[in-house]
Amino acid sequence: MSETLNTQKPRIDGALKLSGGADYTADINLDGQLYGYPVGSAIASGELEGLELEEALGMPGVVDIFHHDNFDSTLKHSPNSFAEKNTVSEPRLPFEDTTIHYHGQYIALVVADTFEHARAAAQNVKGKYRANDQVTSQLDELDADNVAGLPGVLQEGDGQSRGEADAAYENAEVTLDHHYSIATETHAAMELHASTATWSGDHLTVYESTQGVVFQRHALSHVFSMPPEQINVISHFIGSGFGGKLFMWPHAIMTAVASRRLKRPVKTVVPRQSVFTSAGSRPRSMQRVRLGARADGTLTSIRHDGSNETAFVGMHNDTVISATPSMYACENVAVTNRVGEVNHGMPCPMRAPGEAPGLFALETAMDELAWQLEMDPVELRKKNFAERDPASDLPWSSNHLIECWDNAAKRFGWENRTAEIGAMREGDEIIGYGMASQSWEAMRLQCSARVTFLADGRLQVSCGTQDIGTGTYTIVAQTASELSGVPIEDIDVRLGDSSLPSGPLSGGSFATATVLPAVKAALDAATQALIDKVTQDGQAFSDVDSESIELNDRALTYGDRSIPVTTLLEELGIGQVTAEASAEPGDEKNDYSFRSFGAVFVEVRWDPGISRLKVERIVSTIDIGRAINPMTARNQVEGGLVMGLGMALFEQTEYDKSGYLYNANLADYIVPVHADIPPIDVELLDYPDYHLNAFGARGVGEIGLTGIAAAISNAVYHATGKRIRDLPISIERLLMAN
Amino acid sequence: MTEYFDPKTQGGATSKSRRNFLKTVGASGVAAASTPLWAQTTQARAAETPEGDPVKASAPAPGMSRIQLNVNGVERTVDVAPQMVLLDVLRNELGLTGTKKGCDQGQCGACTVLVNGQAINSCLSLAISHQSDEITTIEGLERDGELHPVQQAFWEHDAFQCGYCTSGQIMSAVAVLNDDRIGQSDAAVREAMSGNICRCGAYKNILAAVQDARKTMKGGV
Amino acid sequence: MRAFDYARPGAVDAAIATHAKADSAYLAGGTTLLDLTKIDIMQPEQVVDINGLGLDRIERLEDGRVRVGALVTNTALARHELIETHYPVLSQALLSGASTQLRNKATTGGNVMQRVRCPYFRDGASPCNKREPGSGCSAIGGVNRETFAVLGTSEQCIAAHPSDMCVAMAAIGATVSVHGPKGTREIDFGAFHLLPGSTPEREHALEPDELITHVTLNAPERDARSGYLKLRDRASYQFALASCAAHLTLKGGVIRSPRIALGGVATKPWRALEAERILEGKTPSKALFEQAAKAAFKTATAYEHNAFKIPLGQHAIIAELGELTGLATTQEAS
C-alpha cells in the first residue's frame, strides 16, 4: 500500500469541527425537549434521610423532580460484562438506595422547561443527611511490607509472575526498594457528559457523549428490560473522553427514566462539578517496586506491588502492574495489585490505564537503579532489553524499542548530558535530562462493518464505533478509498450509532486495529455481492469466472475489461449494492506477543530562586507499527505527552478527610495550559505489524501518556538531586524534599 | 482579495450558506469533506439563519425581555430572561451551537466569542447586556463560502482532535492575530491563548496554525 | 442561579437609587458576579448594570495622580501608556491574572470587589463563616492549599484574596472613590479590604448601595522602579500561590521608599510593612532581601497544605527585589 494509507490526510470531518457544524450531544435539541439538572450529595458517607423539595417544585418551569422515593423500581442492573458488551461505569442504579457512598452522588434530578429553570430549582433541592464520620481509606495502610496481610482485595497480576522474585532479590548484588504514588486524576474532557433521551412508543433513542454506543445500548437493554433492537444510542461527535466516557454513567439512566415518565425528550448536560464527582477518575495508586540486579546492570529480580482505590459502589482494578512483566528480560518477576474501597466516586479507566501509573513507578525505579550502578539509564535499559516477551515467552510480533531509544536519544542530544547532578546550568536555571521507556499492549477485537456502493459513485462505510477525536472517520475513509479507488471525498463514513454494525469501544488504542479489517471485509463482501449480480446471465460479466473479477479504481475488472461500478449499477437498474461483514482476530495471539514501545526524553529547567520548574522540551520516538494517518497519529502521541506533563506536575483530584472532593472544577484542578507546553518532537517509526492485521497498525491513543511522567521525574532528579516519588511533582514537594 | 473578519471593521457582512465552503474548500489544498447526511441536516439548520427574525406577534412572556442582538452581522430578535447568559442564548435560543459549554464558569475558554472584536467568555456575560454590541461566533467567520484563514490553518495543521474546544481556540486566535498589542513570538501566542484549554493536548499544532495563519492574513485584513 | 430583575441606568445617582430599591448587585464585567450567581452563592433580586455610566476613562489629574474609571477593563488598564510607563508593576500584575478573555471583561472596580476562591465558600453547602456566619470554617481542617492564606488569617476564615491587580495597587498606593446614598467619599486602598477577624462576612469598607466609581493611583515617583512576580503551579491562567509587587527607588545606591505587597498568601492585598522598614535606606544585597523576606512572614500561620507558601512567598520577595535592584542576572519578571 499505498497512496492513501500511511499518508498525512487532513481530517474529513475537519470543516464541520472547525465551523461549529459538528453535532455533539449537547448541540442536539429535540422538539418539546425538557432539561434535566442533577443534584449531588453534599456529604461523602452516610444516609440520605430526606429531601427538601417543596420550594424547588414550586419554582418556575419545574416539571418534576426524580429521586429515591419516586424513581422507577422496575430497573435492573446491567450484568456489567465486557464480553457481553454491557459494561457500565457505576453498577449501582441511580437513587437505588438512600446510602451515600461519595460526595456528589446523585440524590435527585430536576426536570424543567428550560436549562435556567432546571438549574435554579436544582440549587434549591437540599438533602437532609445523617453523616457517617467513618470515611474509609484502606489504602493508607499499604506502605507496610506484608501486602497479603492488608485490607483490600488482592488481585494477582493475571498469573504473570515468574521465577523466584523474593529469593533473587535477597541474593542480588544491588537492590532497590521504593514506594511511589500517583494522585487521583480526572479525565476532564472538554465536552461535558451529556445525554438526551426520547421515547417513541417502546423505542428509546439516546443521544449520548460516549466512547461506546454499542456498550451503552446493551447496558440500557438490561436496565430497561428491553430488546437491544428497541434502543438506539447515537454519538456522532464526542468532545473526547479519555476513558471517562467508555461506559454508561447513572445520568443516562436518570434521563431515560425521566423522558419515559414525562413522555417528552429530556436533555441532561452534566455540570462540570458533577463530571468531577460522579463521572470517573483515574484512582489514586500506591506502588512498591523492588529491583535486584548484578553489578553489571543485569536485572535479577523485579517485584512490583500495586494498589489502587476503588469506590464502594463498584470495583475498578487499575492494573498498575500490567506492563511490568513484559518490559525487561528478567528471570524472576512478581507482580500483584490490590484494590481498596473508599468513599469516593467510581473510578474508571483513564487514558493508558495501568501503564501510565505503572510505568511511572517502574521507569523511575530503573532510573534510580542506574544511579546506584553509576550507569547511563539508556545503557541499563539496553542491557535488559527483552528479545521476546518474557511474560508469555512468545516472540514479539514486532519490536523496535532499541531503535526508539537510539533514535530519540540522538534527536534529543543525550550525549551532551553531564551525568553529575545539577551540573548543567544556564543563567539561574539548572538543567536536568531524563528519559524513560514507553509501552502499551496492542489489541484487536471482533468488529462488523457495512459497505454500500451507491449509484452516484459514492461509497458509504458504516460501523458502530466512534471517533472521539482520534481521527477514526478519516482513517476509515482513507482505508475505503485505498481499497476501492473511490476518491476520499466520495467516501461517506457513518459512525457513532448503535444501529450500525457492531463496532468497538473507542478506547484502549484498539479501534484502528479492530475496525479497519472489518471495513476491508465489508468492502470485499459488497464487491462480491456486486460481482454476483453482474455475473448473472445477460449482465456485463456473465461470461466470466466470478473469482477472477477484481475491484480496481472504482471499477470491476477482468483482464482488459474494466467497467465502473456506477455503470454497472445503472445497467442493473439498482440504486445500491450493500453488504455487512465481520472480522476478528485469529490465533495470532498464540504465536506472538503484541506490544507497542517508545522512548521519551525530557529536559527540565529548575530555577531554585523562585522554585519554578518547567519542562523545556520533549522528544519521543514511538513504534506503533504502521500509522494509517501519521498526521492524526502524531497528534495523538503529542496529546498523550501533554496529558503526561499534567500528570507529572499538576494533576491531583483532591479529597479532604471527610471525602469531600475539593477541586471539582477546571480552575482548581490544574491541567496544562498552552503556556506550559514546550517544543514537542515526536517521530513515528514505520514498521508495519502485519501479524496483528493486514494494515500493520497497532493503535496509538495511549502510548504517549506512558513513561513521560517518569522521564520528567528523572530529569527533575538530574537537575535537583530531589527524587520525587509521589505525583504530582508539586512546588511544595520540590521545596520540602531533601 | 477575500475580505476576512477584522474586528475593527466587522459588521454588516452576512454569513453565507455554510454549505458553500464545504464545496469550495478543496481548492485550498485540503481535501473536501465528505458530508454525511446527518451533518448536512445540522448545517442546513444553521445555514437558514434568518436575515433578522420575523416580528413576534405576541408580547414577551412575563419576566422576559425582547432584545435585539447583532450576531454575525444579523440583527436577531430574541426573548430573554435577565439572568440568561450569552452562551445559553446563542446555543438554546438562536441555534448557534458552534459555541461550546465546557465549564460554565470562565475556566476553560470553550465558549469564547468576539464582542466588538474582543474575545470574551460568553458563559460569564448576560445576553441582555449586549444589545448594542457586535457579536461574532464561530459560525460567522467564513466569507463567501471560504473558511477563514485561521480555520483553514487549523485544518491543515491538524490543530484539534475532538474539536470541542476548537471554536473557542479559533475565536481567540482571530482576536490574538488582530491585536497588535500582543507579541508575535511563540511565547506571546502561548500566553495569550492560555485561556483556552485543550484537554486533547493539540497545543503544538494550534500554535503552528496560529503562526501560519498570521502569514496568510498579513495584508489580508 | 435565581431569576433577577435587570436595570441599566445611565447615571451614577440613578444607579445608586436603583440599587437601593431592592437586594441588588452592581454588574460591571460580571466575571465574579455571574460566576457566583450561577452557583447560587450570590442571590441578588436585582442586577444593576453600570456599563452605561461612562466610567471607562483613564486620566492624569493635575496633582500627577492617575484616575482609573471603575469600568476600565483589566486589558485596557494593563495596556494603557500611562500605566505601562509609570506603573509597570500594575501592568504586569494585570497581565499575569486570569486569561485574555477574562481580562477583556473584568473591570477595575470589579477586581477590587473580587471574592475569595475558597471551594468551601463556593460550594453553597459546606460550613463557611463567610457565607453563613457562625457555621464554621471547613478549610482549616480540610484541604487548604492553593487559594489559602498564611498571613492575616483568623480562626474564622483563611481564604486568600485572589486579586493580582489589588496587590500592585497596594504597592503603588491608591484611593478608592465611592458614591453612595450619602454622597461621595474616598477610601485609602489599604483600608478598603478588611481582614476576616471574627467577621469574615465583611470583606470591604463599602456601605450599603455604595458604588466604586474610580481608583486613583498615587502619583508616580521620579525614577521609581516597580515590578510584579507571580508564582503558581502552571505557567498561566491560575491564581497566585504567592506573588510580590515591589515599588522602590534607588538613590545613591540605597533603597528609598520601598513598598512591598504580597498576593496569594494573605487574606487581603498585603503590605509587608516590616520588610519595607528593613529595606529603607539600605544598600541592596541578597542578605538584606532575605532578611526582609523573613520579616514579611514573621507573623505567618501555616496550615496543613499551605506551609510551602511561606518559603515560596519569601522567594517571590527576594527575586523581585533582585530584579528591581539589578542584583539578579537573568531573573525574568512575570
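These numbers come from a predicted model, not from an experiment.

Thresholds, definitions, all that
Residues numbered from 1 in each chain as written. Chains lettered and ligands numbered in written order. Predicted model: local features only at pLDDT ≥ 70, side-chain atom pairs only at ≥ 80, totals over all residues. Heavy atoms only, no water. Helix = DSSP H or I, 4+ residues; strand = E, 2+ residues; numbered from the N terminus. Rg over C-alpha atoms; globule rule 2.2 N^0.38 Å. Contact = heavy atoms within 4.5 Å. Areas by Shrake-Rupley, 256 points an atom, 1.4 Å probe, with all protein chains shown as cover. Lys, Arg positive; Asp, Glu negative; His and termini not counted. Charge placed at Lys NZ, Arg CZ, Asp CG, Glu CD. Salt bridge = Lys/Arg side-chain N within 4 Å of Asp/Glu carboxyl O. Polar contact = N/O pair within 3.5 Å; in protein donor to acceptor, adjacent residues only side chain to side chain. Domains from an automatic or database assignment. pLDDT = per-residue confidence, 0-100. Buried < 20%, exposed > 50% of the residue type's maximum accessible area, 1.4 Å probe, protein only. Pairing = 2+ DSSP bridges. Axes fitted to C-alpha atoms, helices over the stretch in contact; angles between N-to-C directions. Phe/Tyr/Trp six-rings, centres within 6.5 Å; stacked < 30°, edge-to-face > 60°. Lys NZ or Arg CZ within 6 Å of the ring centre and 35° of its normal. Arc of directions from axis to C-beta. Core = buried A, V, L, I, M, F, W, Y, C linked by side-chain atoms within 4.5 Å. UniProt positions renumbered as here; feature names shortened; annotations may be inferred.

Asker: Mind laying out the overall build of chain C, listing which residues take part and the relevant values?
Answerer: Within chain C, the secondary structure is distributed over 14 helices and 12 strands. Here the C-alpha atoms of chain C give a radius of gyration of 19 Å, agreeing with the 20 Å that 2.2 N^0.38 yields for 334 residues. For chain C, the share of sequence-separated contacts (at least 6 apart) that also reach a separation of at least 24 residues comes to 64%. Within the structure as shown, chain C displays about 11,800 Å² of accessible surface, and the carbon and sulfur contribution to it stands at 48%. Of the side-chain charges in chain C, 36 are positive and 36 negative, and the distance between the mean point of each set is 3 Å.

Asker: Help me get a handle on the interface of chain B and chain A, residues and values and all.
Answerer: Listed per partner, the contact involves 59 residues of chain B and 69 residues of chain A. The partner of E651(A) in a salt bridge is R199(B), with the nearest N and O atoms 2.7 Å apart. Linking chain B to chain A there are 27 residue pairs in polar contact (both at pLDDT 80 or more).

Asker: Go over the domain arrangement of chain C, please, and point to the residues and values.
Answerer: Accessible area lost during the coming together of the parts is what is often quoted as the interface size. Domain parsing of chain C yields domain 1 (1-54) and domain 2 (225-325). The distance between the C-alpha centroids of domain 1 of chain C and domain 2 of chain C comes to 36 Å.

Asker: Please set out the confidence of the model for chain C residue by residue, giving values where relevant.
Answerer: Residue-level pLDDT values for chain C average 96, and 98% of them are 70 or greater. In this model, residues 329-334 of chain C is a region of pLDDT below 50 whose contacts with residues beyond four sequence positions or in other chains number 20 contacts.

Asker: I'd like to hear about the side chain of K245(A), residue by residue, with values.
Answerer: Residues and elements named next belong to chain A. Within the secondary structure layout, K245 lies in the loop between β11 (231-234) and α6 (250-262). According to the relative accessible area criterion, K245 is buried, its value standing at 2%. Within the structure, the side chain of K245 is placed 2.8 Å from the backbone oxygen of S240, a separation counted as a polar contact. Not counting the four nearest positions on each side in its chain, K245 is found in contact with A189, E191, L192, H193, S209, T210, Q211, G212, I238, G239 and S240.

Asker: Account for the sheet that holds strand β25 (residues 561-564) of chain A, with residues named and values stated.
Answerer: Residues and elements named next belong to chain A. Reading across from one edge, β23-β24-β25 is the order of the 3 strands in this open sheet, with antiparallel pairing throughout. Looking at which strands have only one partner, the edges of the open sheet turn out to be β23 (550-552) and β25. Direction aside, the axes of adjacent strands within the sheet are offset by 35° on average. Sheet topology places strand β24 (residues 555-558) next to β25; 4 bridges connect them, and they run antiparallel. Within β25, the residue paired with L556 across the bridge is I563. Strands β23, β24 and β25 of the sheet are contacted by helix α14 (residues 565-572), whose axis makes an angle of about 75° with β25.

Asker: Account for the packing of aromatic side chains, with residues named and values stated.
Answerer: Residues and elements named next belong to chain A. A complete count under the given rule lists 22 aromatic pairs over all chains for this structure. With a centroid separation of 6.1 Å and 90° between ring planes, the pair formed by Y180 and F360 is classed as edge-to-face. Taken together, the residues Y180 in strand β8 (residues 174-182) and F360 in helix α9 (residues 355-373) connect sequence positions 180 residues apart. Note on Y180: relative accessible area 1%, which makes it buried. With 6.3 Å between their ring centres and 50° between their planes, F412 and W414 make a pair best called tilted. On the basis of relative accessible area, F412 is assigned to the buried category, the value being 4%. Since its relative accessible area comes to 8%, W414 is described here as buried. Here R617 stacks its cationic end above the ring of F412, 3.9 Å away from the centre of that ring. Positioned above the aromatic ring of Y717, the side-chain terminus of R723 is 4.1 Å from the ring centre.

Asker: I'd like a rundown of α14(A), residues and numbers included.
Answerer: Note: α-helices contain 3.6 residues per turn, so residues at a spacing of three or four share the same orientation. All names here are of chain A. When we look at burial in α14, the residues that qualify are V565, L568, L569 and L572. Seen along its axis, α14 keeps its buried residues to an arc of 100°; they face one direction. Against the buried residues of α14 lie β20 (447-454), α13 (511-534), β23, β24, β25 and β26 (576-583). Looking at the residues trailing α14, positive phi occurs at G573, about 70°.

Asker: Tell me about the nonpolar core, and name the residues and values.
Answerer: Counting 248 residues, the largest nonpolar core has L291(A), V602(A), I712(A) and F154(B) as the members making the most contacts within it. If sequence neighbours within four positions are ignored, F154(B) has contacts with L18(A), A159(B), F160(B), T166(B), Q169(B), I170(B), A173(B), I206(B), A209(B) and V210(B). Grouped together as the second largest cluster of nonpolar side chains are 45 residues, L109(A), V111(A), M254(A) and V313(A) included.

Asker: Explain the UniProt feature "domain: FAD-binding PCMH-type" (unreviewed entry) in chain C residue by residue, including any values.
Answerer: Here, the residues flagged by UniProt with the feature "domain: FAD-binding PCMH-type" (unreviewed entry) are residues 1-222 of chain C. Split by type, residues 1-222 of chain C is 30% helix and 17% strand. Its first and last C-alpha atoms lie 49 Å apart.

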